[in-house]
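The primary structure of each chain is shown beneath.
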Amino acid sequence: MFGLKADWSLEVFERYFTLGDYAGGEARWCPGCGDLAVLNTMHRVLRDAQMLPEKSVVVSGIGCSSRLPHYVGTYGLHGLHGRALPLANGVKARRPDLDVWVGTGDGDCFSIGAGAWIHSMRYNMDMVVLIFDNGIYGLTKKQTSPTTPTGASTNTHPVGAPLPPMNPLTVTLGISNVSFIAQVPDWNPPLLYETIKAAHQHKGTGFVRILQRCPVFSPDFCKPYQENPERMLLLTHEDGIPMDPGVKRVFSEQREHDPHDWLAAMDVARDLSRPPIGLIYLDTDAPVYSEQSAHGMDITDGEKLAALNAALDRFAV
Amino acid sequence: MITPTETGTSNVIDGGFSQPVQISEHIIEVVSDSGEGAQKCGQTFGSISGKMGNGVWTVEIIPAEIQPPARSPAGASGIRVRLGSSYITNMGNEADLVVAFNEQVLYSRIANGAYKKGTVVLLENKWANDPQVEIRNAYSAAVSEFRKNGLIVHELAMEEACLKLTQNPRKGKNMFALGMLARIYSRELDKCLAEITQTFSRKGEKVIKSNQELFNAGFEFASEEIEYHYRIEPYTTDQSKPAIITNGNQAVGLGVMAAGMELVSMYPITPATSASHYVAEVFQNVGGFVHQAEDEIAAIGFAIGASYAGKTACTITSGPGLALKTEMIGLAVMAEVPLVIVDVQRGGPATGLPTKVEQADLLSALYGAPGDAPKVVLAASTIEECLHFVILSRKLAEAFRIPVILLTDANLATGVQPYPRPEVKEEWFTSPVDQSAWDENIPAYNWDEESGLSPRPIPGQRNGEYVLTGLSHTERSKVAYDSDTNQVTHRMRSRKLAALLKTLNPPEVHGDDEGDLLIVGWGSTLGAIEEAIDQLREEGQRVSSLHLRFLSPLEPGLTEIFSRFKKVMTVEINYSDNLDDPLIDEENRRYAQLAMVLRAKTLVDVDCWSVVYGHPLQPGMLYRVISKNLQNLQN
Ligand SMILES: Cc1ncc(C[n+]2csc(CCOP(=O)(O)OP(=O)(O)O)c2C)c(N)n1
Ligand code: SF4
């Protein structure tokens, strides 16, 4: 600029990102789909944190919701069904400088990806994991998912889902080294924003289960809660999700809940009749695997050469 | 029952001499119940011999059961060491000399055809006086049976001698046996003691000292009790060329580090795991990390994630793991992610023969993923190649933006052989991930019309932002289901292999360029095939061999080479139907895997000979098979 080589810090200062910088392709979700609300919120969180677009990577599996990376203007990795988490862990493993986001559906994460879900929570890499839970398989058109309520009619169970749904909150809480569990509906923008922002700022895996509207295949999954917010339990605490009085006014049922208290967290999480909203569990001391996996990245080529020669020496004839 | 093979004659020269007799090579086995350290004895012996400049090949003898009862054929555990004054490339035929800690384990080796008439057995004799009458009887029955069938059995009080030095001879007898072998084969004492020091270096001074004492006692014992005494000259007189001695899995591990890869993401599976064990031991010194994933799918997913982020990674597995990884390999092909996949093949299908060798993953490596998924497939045929081919794999993976599958097998994994020490260069290491700005006019897949190659943006590069996807995509990586895009992008991915093929030279024929019979092999069978071919050629037979390293793309010039021979036949360790079977004819016969590929590729009527005995091919067996084929050709 002006014939001068800009100092990098100046350059960073000069770059200001607008929402448009985080926009990707035009989102092709159904009208009224909760995924759109999450996408817009994510753009805002990125913008407000002024993340460098080239330094963020959005990773997903397969499903309606897993189209997410295509709609964000950062780097993205749209992987395989159920495998978002291993791919994301790999991205972070040797690139701790990257800001990693995962978008995954209830089928993607809790069914085909269940093994990876359990272990990824334990790895506790520094990343955000957004679960788009619509209680149904959307992309493949209305099959039963692990969170489909008992009796709900689907194309694989026309007379009603036979089994009690899985409770992803209690399962996740049961995994050792889990560090951040929140739940939020997609239809409350300020709360969604604060929750995703808190997950993003958290050091470790910020696991956010989003109750996501799918008006096409599972309208009844969210409708009761959308129409009757008193059927949800708002969790408040100074270490919890920040919320202004406007948000609090919506929820008549509230509980002061200390997110550091695992037993109390289990208590609110297990009540399927009254989904908790807010920060359920927080452990800021849990070891973060990306700190170990990135070990040795500062080693110079000269040191490597010496170490490799020492390794060869051991086998020397 | 002892069934020494018909061809066997003793290489062991009768005793009665104090000066060592010079011989060109010997095959030695140490066999015991598992847990008695026979393998450590043999490995140390092989290593010492390698360091003395001998050609060496060692093969582990692995028990058929996990917790076998003591003194049972199923429990036979140990090691075979073939050493000579020339370069040794395989395990050879029948053993010349065996040290056995009990007689029962020998039955399993005899059933495997490991011995011949004249094989010398140095056998622990304490069983002759065992308090249990059944054991005494079994022992004397076995000894007379062995002798009747031509083994030369010497009953020795090895344990009694060990008891003078240790209360637990079960733990110390192996170093005693090493001392015996060191005397019998005139090993240099200072090299032996140094090797013992290194072997037990982690266990402390006391352990080193007591093992050295046992070694010395064994050496003394053999000098007094055993008249066999040999010298095997080194074959490398050029001591200026440094060498190393490793097994194939250690070679893979060294290759990973020499290639500059920083991440191995794996899930334990025999016989691949020891490669990761080795890497885990030293990786941190070069700044690398081993991730033990929750399963093979996650292991390769993790590796792909790291590769996508600019740190080309490696995943090491065996057949069942490769099966789980196929969908991810398809993703790496589709999205053009460089990646190195090492498959240490074992017996299949399913859990198959976990510890034993087979070459039966070729077709799943080539064609395993759904859809058309062109990738590079290489096969290492020596332990040295295990090291260098990992380096090559990474280079190819990055240059061609493609996953590379490197096939090795259980034989290479556990075989130990000396080879030239690689001269490691800094250029081999990963250059720091390019984080300079990307030219936004260049799409994420800027396919070169000619070669299909394209440079890739790495996260962190400004203006390079793109979404990698396994869906059909345009050059800007936008999802596209239209016919043209799909057709064109398939062509681009496919032509990378065509372009790579153009850079390869036709393989070299071992032996004459023309003749009656051409044997084609791949992988670990190289040494055994060439040894058999050399022997037949010395006898004047018009037979040659060809060994393939590149299996995808297949090496060039094959049709032309094949046309110069009356018959072409593959030799492989995987299953094929045998035409001698009355049910089998040309129509229903299933061919060995490489034969299938070569027939399709060259339209030559390539025959095959293959077996799945679970052990490496022996040159003697191949000699007989190939002779028979040559005879049939002449008739
Ligand atoms: C290995 C594999 N099996 C099955 C599929 C088909 N499939 C794609 S998405 C999907 C379910 C998606 O449901 P969910 O994860 O809940 O996401 P949603 O579409 O509801 O957002 C299935 C079964 C696939 N792509 N790959
Ligand atoms: S099917 Fe449901 S989840 Fe999928 S885009 Fe439409 S509304 Fe959203």
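Note that the coordinates shown come from a computational prediction; the quantities given were computed from them, not determined experimentally. (Residues numbered from 1 in each chain as written. Chains lettered and ligands numbered in written order. Predicted model: local features only at pLDDT ≥ 70, side-chain atom pairs only at ≥ 80, totals over all residues. Heavy atoms only, no water.)

A. Summary view of the overall build of chain B. Scanning chain B from N- to C-terminus turns up 19 helices and 22 strands. Computed over the C-alpha atoms, the radius of gyration of chain B is 27 Å, within 12% of the 26 Å expected from 2.2 N^0.38 for a compact globule of 635 residues. Along the three orthogonal principal directions, the C-alpha set of chain B runs to about 85 × 65 × 50 Å. Each of the 635 residues in chain B was classed as buried or not, and the buried ones make up 61%. Taking the contacts inside chain B whose residues are at least 6 apart along the sequence as the reference set, 77% of them involve residues at least 24 apart. Counting 56 positive and 78 negative side-chain charges, chain B places the averaged centre of each group 2 Å from the other. (Helix = DSSP H or I, 4+ residues; strand = E, 2+ residues; numbered from the N terminus. Rg over C-alpha atoms; globule rule 2.2 N^0.38 Å. Buried < 20%, exposed > 50% of the residue type's maximum accessible area, 1.4 Å probe, protein only. Contact = heavy atoms within 4.5 Å. Lys, Arg positive; Asp, Glu negative; His and termini not counted. Charge placed at Lys NZ, Arg CZ, Asp CG, Glu CD.)

B. Seen up close, the sheet that holds strand 9 (residues 233–236) of chain A. Taken in spatial order, the 10 strands make up an open sheet running 10(A)-9(A)-11(A)-7(A)-8(A)-4(A)-3(A)-1(A)-2(A)-17(B), and their pairing is mixed. The outermost strands of the open sheet, each flanked by one partner alone, are strand 10 (254–256) of chain A together with strand 17 (467–469) of chain B. Ignoring strand direction, the axes of neighbouring strands in this sheet form an average angle of 20 degrees. Relative to strand 11 (residues 276–282) of chain A, strand 9 of chain A runs parallel, the two sharing two bridges. Residue pairing for strand 11 of chain A: Leu233 of chain A is matched across the bridge by Pro276 of chain A. Strands strand 1 (56–60), strand 2 (75–78), strand 3 (99–105) and strand 4 (127–133) of chain A of the sheet are contacted by helix 3 (residues 84–93) of chain A, whose axis makes an angle of about 175 degrees with strand 3 of chain A. (Pairing = 2+ DSSP bridges. Axes fitted to C-alpha atoms, helices over the stretch in contact; angles between N-to-C directions.)

C. Seen up close, the side chain of His202 of chain A. Mapped onto the elements, His202 of chain A comes out in the loop between helix 7 (189–201) and strand 8 (205–211). Aside from chain neighbours lying at most four places away, what touches His202 of chain A is Asp126, Ser179, Phe180, Leu282 and Asp283 of chain A.

D. Molecular detail of the site of ligand 1. The local shell around ligand 1 holds 17 residues, among which Cys64, Ser65, Gly107, Asp108 and Gly138 of chain A are the closest. At the site occupied by ligand 1, nearby residues are drawn from chains A and B. At 2.9 Å, a backbone N or O of Gly107 of chain A approaches an oxygen atom of ligand 1. Between an oxygen atom of ligand 1 and a main-chain N or O atom of Ile136 of chain A, the distance comes to 3.2 Å. Coverage of ligand 1 by the protein amounts to 77% of the 590 Å² it exposes when considered alone. Counting only elements with at least two residues in the shell around ligand 1, the list comes to helix 4 (106–111) and strand 5 (136–137) of chain A. If one sorts the elements of the shell around ligand 1 by residue count, helix 4 of chain A sits on top with three residues. (Near = heavy atom within 4 Å. Polar contact = N/O pair within 3.5 Å; in protein donor to acceptor, adjacent residues only side chain to side chain. Areas by Shrake-Rupley, 256 points an atom, 1.4 Å probe, with all protein chains shown as cover.)

E. Looking closely at the sheet that holds strand 21 (residues 565–572) of chain B. All names here are of chain B. Strand order in this open sheet of four strands is 19-18-21-22, and the pairing throughout is parallel. Edge positions in the sheet fall to strand 19 (543–548) and strand 22 (607–610), since each of these pairs with one other strand and no more. Averaged over all pairs of adjacent strands, the angle between their axes in this sheet comes to 25 degrees, without regard to strand direction. Where strand 18 (residues 515–522) and strand 21 come together, five bridges link them in parallel fashion. Counterpart to Leu518 in the pairing with strand 21 is Val568. Against the sheet, helix 16 (residues 526–538) contacts strand 18, strand 19 and strand 21, and its axis sits at roughly 165 degrees relative to strand 19.

F. The site of ligand 2, seen in detail. All residues adjacent to ligand 2 are Trp29, Cys30, Cys33, Cys64, Asn134, Gln212, Cys214, Pro215 and Phe217 of chain A. Residues of the shell around ligand 2, tallied by class, amount to seven nonpolar, two polar and no charged. (Nonpolar A, V, L, I, M, F, W, Y, C, P; charged D, E, K, R; others polar.)

G. Structural detail: the environment of Gly138 of chain A. All names here are of chain A. Along the chain, Gly138 falls in the loop between strand 5 and strand 6 (143–144). Judged by its relative accessible area of 10%, Gly138 is buried. Note: C-alpha distance between Gly138 and Gln50 (88 residues apart in sequence) is 32 Å. Apart from the residues within four sequence positions on either side, Gly138 is in contact with Cys64 and Phe217.

H. Focus on the environment of Met266 of chain A. As for its placement among the helices and strands, Met266 of chain A is situated in helix 10 (residues 262–269). If we skip the residues at most four places from it in the chain, Met266 of chain A touches Thr170, Leu173 and Gly174 of chain A.

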